[in-house]
Amino acid sequence: MSNVEKIAQISISNARNCLTTQNYGRAFANFLLFLKLKSESAADVYQEFALASKKWFEQLEQENRLEDLFKGYDQACELYPNHDVVLNNIGAQLFRLGYIQEAAAYIRKSLMISPHYLAARDNLENICSHLVERWHFAMLNDKKRNMSYRFAIQKAVKSGYNTVLDIGTGTGILSLMCHSAGAQQITACDGSRAMYDVAFDVLGANGAQEEITLLHKHSTALTVPDDLPSRVKLVVTETFDAGLFGEHIVSTMIHAWKNLISTSPTGTVIPCGATVYVCGIECEAIRSKSRLLFPVLQHLDLSGVSMLSCVGRVAEEPYTTENLARIPGGYRILTNIAELLRVSFCNLCELESFNKGRDWVQELFVRKPGRVDALAVWFDLHLDDTITIATAADSQSCWEQAIFPVSARNGDTNKFHVKRKDRLQTTFHFELDCFLLTKCDILCAERPNVISQPIINIPCATSPEKESRELHGENDHNEHARSQKGHSDHDFDCQSSGAVSSHRYSPASVGSSVKECSQQTLPFRKRKVSEEEMREFCTTSGMNCDISTSKTDHCHQAEELTSFSVGAGHTTVNVCADELSEGTVNDSSVTYNTADETSMCDIGEQQVSTDISSDMEGADMLFDMSKCSIDPATAAAEQLVKDRASNRKMTCVTDSVEIQYINDIHLNSQYCRALQRALSQIQSSPSSNNPSILYITPRLSFLGIQAAKMGFKSVTMATSEEHFDALHQVAALNGCQSGVITLLEMSDLSDLDLKADIVFSEVVDPCGALRQQALEDHVYHIITNLAPNGHVFPGHLRVQGLFIESQELECLTHVTGNEATLDYQIAEFINVFQMQNHLNIDLTTLNYSKLTEVIELASLDFANISIETGPEILDLNVERSTEVIANGKISALVYWFEMILDKDTVVNTLDSRHHWKQAAIMIKDTFHVGQGQTLVTKVMMQNSCLDVKVLTPECVNGH
């Protein structure tokens, strides 16, 4: 054996040993040496080298050793220039580091080598989504919006405003409108390289490349005469988000008026201004994402915890956006709709006064009783003095609405309740392109000391004219005069500061409304109540009433406690509901639904495998306080006990997706029942004295603490480090003994030396798709960390799908044709960035038609997995067939998951009670199918990535 071969053998042996001991730097170096000496053996160590390089590069990134990292890229590509996995890993890492263009180049090369490499395809789609935001498709498909801009531009150009600057040109569609209108000089600019490239191709395809000057610059970097020969007479732009100001329109226009727009003669701007509107709304979907709703979960006391969404509380996100016309469960407008402010984009002095700092105090009059969950804000965009684009929820436009959640400072959920004739006093602030809600107070109307008798809501018609006048605040001066005796006792904390993040829009449609029921004809009387009666009432209701407080407060609570309504076919009694939960308000007032009955998800009850019967069995356990006693074993626990005794709460500010997950009590109930049954089985075994669980979740979840309260002696929980503080405090609040719960970062799982009785992994993200690498990690920990005869959650995973036709979904994912863009050739260039995977779909509100019945796409058995069978279930390539039940064009395959925890518990991500949305694979090729045909599809799954290819539909019986 030659010396070269000896060194090669030593190198490969060292590389494999270092890989086993997780010394990735030495493993990578030894692989490099081996491959330089034995390049012909590259194929033999293909997978091992990919793993070593991936782990080593991640370590270098964490240590911020970028120079060594880039050197490693070069070394890896030199040895494996056509290694699809290595190229994809490098591209994914470059994307995380912010090298977007370079990342795309590596991943495209990976896909050229292996076109069916699903992980690389998903990575490239993520990059495309970053380069070209998804709202471009919805906006370009909004023909009404496009026509409005064209008419306004034609009028302006014909009036002599014939030199144009298009700020934030995007695809260049507004510049093309100016060109068609006859403008003499047109300059377009965009700061995004990707959009500049798209606009360059679009202008060329439409024969306007010579007449329109395209610049890859932000408008604030333009100067005269370097970029523009002279000041322009007309600026056209559409740099607005759902909150109007989020894309820096004010500072952009200030710069333009000072440096780019003609002042003699005076130029103009399209749009010339905007009017902003606001109202208070009640919406369960928004509420569930804004704050913790339940003070108790099974075995867990959260009464000392106040969890709030970071929206409105951090500088980066002063508001969020929602398509109110499509929000699950609908929403109710509780106040009049008020004009908040007007702004002119043609008035430099006004714009400068805005940017220096300005407040708007707006009083809203409560028209409907309910819970105030948020203030909804939208605007009318005035293109000129006659043409306006509306962005309200009922405008059928491409816009979403800005949502400012409101939350009480002390976390008291009762503070959100308002009664008719109360007032909301709101304060909005704008400064340095930041638009935020700084204060929202409830001014309570005076109420006599009375208790309402049970109210029976009898449906009866209210004139639409009267409802419209009420909602838009007519006769407000009379209401204001009557409510001057009110006082402010509810204070909402809405403070924030900093820059506004960009929020855009997606297609919306009209929400249908239920007719308001007049309460003037309700058969009840009011009478005064003595203190003894009040005290007796509070005692029997389980309330803590201080009779020395104001009579108004007593009345407020009493009315809440005795609300009683009879609806269509059911009766609901609310008795102090907020002491348990913030459930749905049963009120016969105006409700804005988010989908017609024909568009609702009609999969069928037999298709949704949820354990409803077992839910009823465990319903009384949702608020079981029997194991919530606090053992003040630590100083932290003692302090929390004192805080709770003084009504002070631990406040946790986190992402809305985390709050929505915690508020999913139906899921928590299913998880707890499955864990309780598994624990009983484990404890029945004579060999198990210390039941243990490994729980892997990226979410902020209290299930690990609940498991400890159930009786698990060892709980190892892998999650994000940002959740550690909240978990430690809740564990202390609930008296968990020290050492029972161990918290790990997700990245530390590979170092875990543990055998657990239960391995529990959260594998599906809230967006509806599998968590990246989730299945591979789940299988790995089952093989390495599961004790003999242990339990696996989920033990079985089924992927279900449904082929649909949906014009609404298509408009969200790509430009559907040149008709919407007024015959300008744009679709073929922007659609290069369309994504095959579309996430966050809600089938309960999506307009679609079923083309097939539900089909099982994949079935994965984790309970009986082994080292030999593991790789097989993770690399799926099968064919499925289903019969077409309706004629149509296939738009997408919508899919969801059924996770079998045990024989009695199935968690279905299609269940509307859960926090999950659904995902879809868009079918880019045009497939028209007819009823009776057999649709054959190929289903592939790799690296927790799902793909479906539609094969040519086959005819049945020759048809």
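Here the structure is a predicted model, which means the values were calculated and not measured.

Here we look at the overall build of the protein chain
- Per the secondary structure count, the protein chain includes 28 helices and 43 strands.
- For the protein chain, buried positions account for 58% of its 959 residues.
- Restricting the contact set of the protein chain to residue pairs at least 6 apart, pairs at least 24 apart contribute 80%.
- Carbon and sulfur atoms form 49% of the exposed surface of the protein chain, whose accessible area is close to 40,500 Å².

Some details on the layout of surface pockets
- In this structure, the second largest pocket spans a volume of roughly 730 Å³.
- The wall of the second largest pocket is formed by 32 residues, among which Gly-168, Asp-190, His-218, Thr-239 and Glu-247 lie closest to the centre.
- Going through the elements one at a time, α7 (118-131), α8 (135-140), β1 (163-167) and α10 (173-181) are the ones with two or more residues in the lining of the second largest pocket.
- Here the lining of the second largest pocket gets three residues from one element, more than from any other, and that element is α8.

Remarks on the sheet that holds strand β29 (residues 741-745)
- Read from one edge of the open sheet, five strands run β29-β28-β27-β30-β31, paired in parallel fashion. Strands with a single pairing partner mark the edges of an open sheet, and in this sheet they are β29 and β31 (786-793). Each adjacent strand pair in this sheet contributes to an overall mean axis angle of 20°, direction not counted.
- Of the strand pairs in this sheet, strand β28 (residues 714-719) and β29 are connected by five bridges, and their pairing is parallel. When the bridges of β29 are listed, Ala-718 appears paired with Leu-744.
- Here helix α24 (residues 724-733) sits on the sheet in contact with β28 and β29, set at roughly 175° to β29.

Observations regarding unusual backbone geometry
- With an omega of 0°, the peptide bond running from Ser-264 to Pro-265 counts as cis.
- On the secondary structure map, Pro-265 appears in the loop between α12 (249-259) and β5 (268-270).
- Here the residue pair Ile-270 and Pro-271 is connected by a cis peptide bond, since its omega of 10° sits within 30 degrees of zero.
- Among the secondary structure elements, Pro-271 is positioned in the loop between β5 and β6 (273-282).

Concerning the nonpolar core
- Membership of the largest hydrophobic core comes to 143 residues, with the highest contact counts inside it found for Leu-244, Phe-245, Phe-345, Leu-381 and Phe-435.
- Excluding its chain neighbours within four sequence positions, the residues that come into contact with Phe-245 are Val-250, Leu-341, Val-343, Phe-354, Phe-430, Asp-433 and Phe-435.
- In this structure, Ile-662, Val-764, Ile-782 and Val-799 belong to the second largest nonpolar core, which totals 90 residues.

Some details on a negative patch on the surface
- A cluster of like negative charges, contributed by Glu-721, Asp-725, Asp-748 and Asp-751, occupies part of the molecular surface.
- As for its position among the elements, Asp-748 is in the loop between β29 and β30 (756-761).

What about the environment of Ser-53?
- By the element assignment, Ser-53 lies in helix α3 (residues 46-62).
- For Ser-53, a relative accessible area of 1% puts it in the buried group.
- Leave out the neighbours within four places in its chain, and Ser-53 touches Phe-28 and Val-86.
- Polar side-chain contacts of Ser-53 include one of 3.0 Å to the backbone oxygen of Ala-50.

Things to note about α24
- Extensive coverage of α24 is indicated by the burial of seven of its 10 residues.
- The complete set of buried residues in α24 reads Phe-724, Ala-726, Leu-727, Val-730, Ala-731, Ala-732 and Leu-733.
- Positioned one or two residues after α24, Gly-735 has a phi angle of 70°, which is positive.

With respect to the pairing of β28
- Among the six residues of β28, five are classified as buried, and the element is accordingly described as predominantly covered.
- When strand β27 (residues 692-696) meets β28, the two strands line up parallel, connected through five bridges. If you follow Ser-692 over to β28, its bridge partner there is Ser-714.
- In this fold, β27 hands off to helix α23 (residues 703-710), which returns the chain to β28; that crossover is right-handed.
- Regarding topology, α24 serves as the crossover connection from β28 to the parallel β29, and that connection is right-handed.

Details of the packing of helix α4 (residues 66-79) against helix α5 (residues 84-97)
- Contact geometry for α4 and α5: axes closest at 10 Å, N-to-C directions at 160°. In terms of orientation, α4 and α5 fall into the roughly antiparallel class. Along this stretch, α4 crosses α5, giving a crossing that reads as left-handed. Of the residues in α5, those in contact with Leu-66, Leu-69, Phe-70, Tyr-73, Ala-76 and Cys-77 of α4 are Val-86, Leu-87, Ile-90, Gln-93, Leu-94 and Leu-97.
- Of the residues assigned to the contact of α4 with α5, the class counts are 11 nonpolar, one polar and no charged.

Things to note about the packing of aromatic side chains
- Taken as a whole and assessed by the stated rule, the structure comprises 25 aromatic pairs.
- Relative to Phe-57, the ring of Phe-28 has its centre 5.5 Å away and its plane inclined at 65°; by these criteria the two rings are edge-to-face. With a gap of 29 residues between them, Phe-28 in helix α2 (residues 24-37) and Phe-57 in helix α3 connect regions that are remote in the sequence. Each member of the pair, Phe-28 as well as Phe-57, carries the same accessibility label: buried.
- Measuring from centroid to centroid gives 5.2 Å for Phe-379 and Trp-399, while their planes differ by 80°, and the two rings are edge-to-face. Here Phe-379, found in strand β15 (residues 374-382), pairs with Trp-399, found in the loop between β16 (388-390) and β17 (401-405); they are 20 residues apart in sequence, far enough to count as distant.

Thoughts on the pattern of salt bridges
- According to the stated counting rule, one finds 31 salt bridges in the structure shown.
- Of the charged contacts in the structure, one is a salt bridge between Glu-322 and Lys-289, with a shortest N-O distance of 2.4 Å. Of this pair, Glu-322 sits in strand β10 (residues 320-322) while Lys-289 sits in helix α13 (residues 284-290), and the two are 33 residues apart along the sequence.
- Put simply, Arg-121, Asp-122, Asp-947 and Lys-949 are held in one network by salt bridges that share partners.

As for the sheet that holds β1
- Spatial ordering of the open sheet is given by β3-β2-β1-β4-β5, a layout of five strands whose pairing is parallel. Each end of this open sheet is capped by a strand with a single partner; those strands are β3 (212-215) and β5. Put simply, the sheet's adjacent strands are angled 20° from each other on average, direction ignored.
- As defined by bridge partners, strand β4 (residues 234-237) adjoins β5 across three bridges and the pair is classed as parallel. Residue pairing in the sheet places Val-236 in a bridge with Ile-270 of β5.

With respect to the confidence of the model for the protein chain
- Per-residue confidence for the protein chain averages 81 on the pLDDT scale, and 77% of its residues sit at or above 70.
- Contacts for the low-pLDDT stretch residues 448-530, under 50 throughout, to residues beyond four places or in other chains number 241 contacts.
- The low-confidence segment residues 604-634 (pLDDT under 50) makes 60 contacts with residues lying over four places distant or belonging to another chain.

Some points on empty space enclosed by the protein
- Under the criterion given, the structure shown has three cavities of 30 Å³ or more.
- Approximately 80 Å³ is the volume found for the second largest cavity.
- Mapped onto the lining of the second largest cavity, the elements with two or more residues apiece are α21 (656-662), α22 (665-684) and α23.
- The class makeup of the residues in the lining of the second largest cavity is seven nonpolar, three polar and one charged.

Conventions and cut-offs
Residue positions are counted from 1 within each chain, in the order its sequence is given. Owing to the predicted nature of the model, reporting of local features is limited to residues with pLDDT of at least 70; listing and counting of side-chain atom pairs is limited to 80 or more, with chain, interface and lining totals taken over all residues. For side-chain calculations, the full set of non-hydrogen atoms in the structure is used, while hydrogens and water are omitted. Secondary structure elements follow DSSP: runs of H or I of four or more residues count as helices, runs of E of two or more count as strands, with numbering from the N terminus. The cut-offs for exposure are 20% and 50% of the maximum accessible area for each residue type, with area from a 1.4 Å probe on protein chains only; residues under the lower value are buried, those over the upper are exposed, and the others partly exposed. Residue contacts follow a heavy-atom distance rule, with two residues in contact if any of their heavy atoms lie within 4.5 Å. Surface accessibility in these figures is a Shrake-Rupley result with a 1.4 Å probe; residues are shielded only by whichever protein chains are displayed. A 1.4 Å probe that fits but cannot get out identifies a cavity on a 1 Å grid over protein atoms alone, an open set with protein on both sides within 12 Å along at least five of seven lines counts as a pocket, and a residue lines either if it has an atom within 4 Å of a point. Grid points are joined across faces, edges and corners, and a volume is the space filled by probe spheres set on the points. Pairs of strands are assigned from DSSP output, requiring at least two bridges between the strands. Axes here refer to lines fitted to C-alpha atoms; in helices the fit is confined to the stretch in contact. Angles between the N-to-C directions go from 0 to 180 degrees. Take the buried residues of types Ala, Val, Leu, Ile, Met, Phe, Trp, Tyr and Cys, join any two whose side-chain atoms come within 4.5 Å, and each joined set is a nonpolar core. For patch building, the residue pool is restricted to those with more than 30% relative accessible area and no salt bridge; the joining distance is 9 Å between like charges and 5 Å between nonpolar side chains (Val, Leu, Ile, Met, Phe, Trp, Tyr). For this analysis, a salt bridge means a side-chain nitrogen from Lys or Arg found within 4 Å of a carboxyl oxygen belonging to Asp or Glu. Counting rule for charge: Lys and Arg are taken as positive, Asp and Glu as negative, and neither His nor the chain ends is counted. Every charge is mapped onto a representative atom, which is NZ of Lys, CZ of Arg, CG of Asp or CD of Glu. Any N or O atom pair separated by 3.5 Å or less is treated as a polar contact, with the protein-specific requirement of one donor-capable and one acceptor-capable atom, and with residues adjacent in sequence counted only for side-chain atom pairs. By convention, a crossover is right-handed whenever its connection, traced from the first strand over the helix to the second and viewed with the strands pointing away, goes clockwise. Each angle gets one of four labels, with under 35 degrees taken as roughly parallel, over 145 as roughly antiparallel, 65 to 115 as roughly perpendicular, and the rest as oblique. For a crossing to be left-handed, the near helix must be turned anticlockwise from the far one by less than a right angle; the clockwise case is right-handed. Three classes are used, and their members are as follows: Ala, Val, Leu, Ile, Met, Phe, Trp, Tyr, Cys and Pro are nonpolar, Asp, Glu, Lys and Arg are charged, and the others, Gly among them, are polar. Classification of ring pairs uses Phe, Tyr and Trp, with its six-membered ring standing for Trp, and accepts pairs whose centres are within 6.5 Å; under 30 degrees between planes counts as stacked, over 60 as edge-to-face, and the remaining range as tilted. Looking at any residue, its pLDDT shows the predictor's confidence there, from 0 to 100.

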